[in-house]
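Coordinates in review
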Amino acid sequence: MWPLTVPPPLLLLLLCSGLAGQTLFQSPEEGWQLYTSAQAPDGKCICTAVIPAQSTCSRDGRSRELRQLMEKVQNVSQSMEVLELRTYRDLQYVRGMETLMRSLDARLRAADGSLSAKSFQELKDRMTELLPLSSVLEQYKTDTRTIVRLREEVRNLSGSLAAIQEEMGAYGYEDLQQRVMALEARLHACAQKLGCGKLTGVSNPITVRAMGSRFGSWMTDTMAPSADSRVWYMDGYYKGRRVLEFRTLGDFIKGQNFIQHLLPQPWAGTGHVVYNGSLFYNKYQSNVVVKYHFRSRSVLVQRSLPGAGYNNTFPYSWGGFSDMDFMVDESGLWAVYTTNQNAGNIVVSRLDPHTLEVMRSWDTGYPKRSAGEAFMICGVLYVTNSHLAGAKVYFAYFTNTSSYEYTDVPFHNQYSHISMLDYNPRERALYTWNNGHQVLYNVTLFHVISTSGDP
């Protein structure tokens, strides 16, 4: 979207022997990569080392802090693009309603008594129905201006950080840190205000492909920019290690243009999620959460989820080692599980995506073994009452108020056995694995937009 300006990496040619075509060393955290590339006439092989810019390579603590700030700004940029993508369709719809209102108003003014009483009343009733949309449209226009201002602030911060990193100075770091934190807070407020609402409907299913066994999961990256349409596919519910990464949704449908990742530790269940370039999953026969980074092909962090049941202790009603379910919505990364202390009721925890530490937890009071599947939208956990035909969204838990309600939102379980159900906030759609079929559902959210100004 707005790529950060950083000094280009340095390229260094080295000589080594007997290792042509191999990766000699790679350290994703520091940016070092050393590859062999060709063999010289004297039998030695020419190796290429790709190392980071000198400022990033420094062990100085301030340099590392600057790099972390740059990563935060880059994440804000990606979130901004996701926010714009999600709200574009809503804005177009409301603008269409504005055009219709103007047309109806013009017809009323031009009628000048020539309409019958019935026709006049019908037009008047139609105008009354559409009248509340005028304030909604004005709020959308205001929020659009807010997004433009946020975008400009991101650009300015990116340039400032790049300049400071290049000069290796510490001037202005604290101020920049505060500006980044403020931007993150405003962005989250924007996402909640513009894109969030209560689930009121689930569309008919769209079957994307029939592939694999009865159980599995498939997903896209909820934080990826709009140009990135990669699809990840994981067949089976336990002891699997193979993840297929397809270049596009079209390639996934055709079964072509994919690469394979072999995870260092096997997974359990189907509750995996891809978030900001990393896969989050439950390590088999443990309550350990693993964060696997696709680009570096390495585990960045892993951590036990305190007290979480595992190994089919507290699965969903369909079983399948589904004790731990990871989700992403508009506000970040979540874990859904249960513990002995919670008597088998569903626990919802916000996780720090960098450290995997639990930031806050809620006890929903809903027994996990009675749930078919669950997903998060806008900080609300929605639970289905079955994984079989006839299922519906039956229960909703609101983390912002620590309250719940019983719901009745039906959806068509076309293939009669759902083993994965996950919400993608970028696309406002539910991804489902249904008896060996990969299926999509669109969702309808009802939200009231206030006119209180900027978030």
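Labelled according to an unreviewed UniProt entry, the protein chain appears under the name Olfactomedin 2, originating from Cebus imitator.

**Remarks on the pairing of strand S18 (residues 358–367)**
When strand S17 (residues 345–351) meets S18, the two strands line up antiparallel, connected through six bridges. Pairing of Leu351 across the sheet is with Val358, part of S18. In sequence, S17 turns back onto S18 through a hairpin of six residues, with Leu356 there showing a positive phi of about 70 degrees.

**Details of the nonpolar core**
Grouped together as the largest cluster of nonpolar side chains are 22 residues, with contacts concentrated most on Leu199, Phe375, Ile377, Tyr382 and Leu430. Counting only elements with at least two residues in this core, the list comes to strand S5 (198–202), strand S19 (374–377), strand S20 (380–384), strand S21 (392–398), strand S23 (418–424) and strand S25 (437–446). Here the element with the most residues in this core is S25; it accounts for four residues. With sequence-adjacent residues up to four places away left out, Tyr382 is seen in contact with Gly197, Lys198, Leu199, Glu373, Ala374, Phe375, Ile377, Val393, Phe395 and Ala396.

**Section: the pattern of salt bridges**
Overall, the coordinates contain seven salt bridges when judged by the stated rule. Residue Arg230 is joined to Glu245 by a salt bridge in which the shortest nitrogen-to-oxygen separation is 3.4 Å. On the criterion of sequence distance, the pair formed by Arg230 in the loop between strand S7 (216–219) and strand S8 (231–235) and Glu245 in strand S9 (residues 242–246) is long-range, its members being 15 residues apart. The salt bridge involving Asp408 is made with Lys392; its shortest N-O contact spans 3.4 Å.

**Focus on the sheet that holds S8**
Here four strands make up an open sheet; going across it, the order is S7-S8-S9-S10 and the pairing antiparallel. Each edge of the open sheet is held by one strand with a lone partner, namely S7 and strand S10 (258–262). Averaged over neighbouring strand pairs, the angle between their axes works out to 20 degrees when direction is ignored. As paired elements, S8 and S9 share three bridges and run antiparallel to each other. Each bridged residue has a counterpart across the sheet, and for Val231 the counterpart in S9 is Phe246.

**Quick look at the environment of Asn282**
You can see Asn282 is positioned in strand S12 (residues 278–283). For Asn282, a relative accessible area of 2% gives the class buried. Considering only alpha carbons, one finds Asn282 and Met324, 42 residues apart in sequence, at a separation of 6.6 Å. Setting aside residues no more than four positions away along its own chain, Asn282 makes contact with Pro266, Trp267, Ala268, Asn287, Val288, Met324 and Phe326. A polar contact is formed between the side chain of Asn282 and the backbone oxygen of Val288, at a distance of 3.2 Å.

**Structural notes on a nonpolar patch on the surface**
Together, Tyr394, Tyr404 and Tyr406 make up a nonpolar patch on the protein surface, roughly 350 Å² of accessible area in all. On the secondary structure map, Tyr404 appears in strand S22 (residues 403–410).

**Considering the sheet that holds strand S13 (residues 288–293)**
Reading across the sheet, the four strands line up as S11-S12-S13-S14 and stay open at both edges, with antiparallel pairing between neighbours. Both outer strands of the open sheet, strand S11 (267–275) and strand S14 (298–304), are each paired with one neighbouring strand and no more. Within this sheet the neighbouring strands show an average axis-to-axis angle of 20 degrees, counted without direction. Here S12 runs beside S13; their pairing, made up of five bridges, is antiparallel. For Tyr281, the partnering residue across the bridge sits in S13 and is Val290.

**Re the confidence of the model for the protein chain**
Summarising the model, the protein chain shows a mean pLDDT of 78, and 62% of its residues fall at 70 or more. A low-confidence stretch, residues 1–59 (pLDDT under 50), is modelled with 117 contacts involving residues beyond four sequence positions or located in other chains. Contacts of residues 449–455 to residues separated by more than four positions or lying in other chains number 20 contacts, the stretch itself having pLDDT below 50.

**Regarding the packing of aromatic side chains**
Using the criterion set out here, one finds 25 aromatic pairs in the structure. A centroid spacing of 5.7 Å and a plane angle of 85 degrees characterise the contact between Tyr292 and Phe294, whose relative ring orientation is edge-to-face. Take Phe294: its relative accessible area is 4%, and that puts it in the buried class. Ring pairing ties together the aromatic residues Trp218, Tyr233, Phe246, Phe252, Phe258, Tyr431 and Trp433, which thus form one cluster. Across the ring face of Trp334, the terminal group of Arg350 is positioned such that the distance to the ring centre comes to 5.3 Å. Its guanidinium or amino end placed over the ring of Tyr316, Lys368 lies 3.9 Å from that ring's centre, counting from NZ or CZ.

**Here we look at the pairing of S9**
The buried count for S9 comes to four of five residues, which makes it a mostly enclosed element. Bridging between S9 and S10 involves five bridges; their strand directions are antiparallel. Residue pairing in the sheet places Val243 in a bridge with His261 of S10.

**Examining the side chain of Lys368**
Mapped onto the elements, Lys368 comes out in the loop between S18 and S19. At 6.1 Å, Asp323 is the nearest oppositely charged side chain to Lys368, a buried residue that forms no salt bridge. In terms of polar contacts, Lys368 uses its side chain to reach the backbone carbonyl oxygen of Asp323, at 3.4 Å. Contact partners of Lys368, with chain neighbours within four places excluded, come to Phe314, Pro315, Tyr316, Ser317, Ser322, Asp323, Val336, Tyr337, Thr338, Gly344, Asn345 and Ile346.

**Side note on the side chain of Asp422**
Looking at the secondary structure, you find Asp422 in strand S23. Lys368 is the oppositely charged side chain nearest to the buried, salt-bridge-free Asp422, at an N-O distance of 13 Å. Once you skip the residues sitting within four places of it in the chain, Asp422 turns out to touch His272, Val273, Phe326, Met327, Phe375, Ala429, Leu430 and Tyr431.

Scoring rules and cut-offs
Within every chain, residues take consecutive numbers counted from 1 along the sequence as written. Whole-chain, interface and lining totals are the exception, using all residues; otherwise, since this is a predicted model, local features are given only for residues with pLDDT of at least 70 and side-chain atom pairs are given and counted only at 80 or more. Only hydrogens and water are set aside when side-chain values are computed; all heavy atoms of the structure are taken into account. Pairing between two strands requires that DSSP report at least two bridges joining them. Strands are runs of DSSP state E lasting at least 2 residues, helices are runs of H or I lasting at least 4, and numbering of each runs from the N terminus. Throughout, nonpolar core names a set of buried Ala, Val, Leu, Ile, Met, Phe, Trp, Tyr and Cys residues whose side chains join them through atoms within 4.5 Å. Remark: exposure states derive from per-residue accessible area (1.4 Å probe, protein chains only) relative to the maximum for the residue type, with buried under 20%, exposed over 50%, and partly exposed in between. Two residues qualify as a contact provided that any one of their heavy atoms is within 4.5 Å of a heavy atom in the partner residue. Any carboxyl oxygen of Asp or Glu within 4 Å of a side-chain nitrogen of Lys or Arg constitutes a salt bridge here. Helix axes are fitted only over the stretch in contact, all axes being lines through C-alpha atoms; the angle between N-to-C directions runs from 0 to 180 degrees. In protein, a polar contact requires one atom able to donate a hydrogen and another able to accept it; more generally it is a pair of N or O atoms within 3.5 Å, and residues adjacent in sequence count only if both atoms are side-chain atoms. Patches here are clusters of residues that have more than 30% relative accessible area and form no salt bridge, with a 9 Å joining cutoff for like charges and a 5 Å cutoff for nonpolar side chains (Val, Leu, Ile, Met, Phe, Trp, Tyr). All accessible-area figures derive from a Shrake-Rupley calculation using a 1.4 Å probe, and residue coverage is judged against the displayed protein chains alone. For every residue, the predictor states its confidence as a pLDDT score lying anywhere from 0 to 100. Stacked, edge-to-face and tilted are the three classes for Phe, Tyr and Trp ring pairs, Trp counted by its six-membered ring, which pair at centre distances within 6.5 Å; planes under 30 degrees apart are stacked, over 60 edge-to-face, the rest tilted. We call a charge positioned above a ring when the Lys NZ or Arg CZ atom is no farther than 6 Å from the ring centre and deviates by at most 35 degrees from the ring normal. In this count, Lys and Arg are taken as positive residues and Asp and Glu as negative ones, while His and the chain termini are left out.

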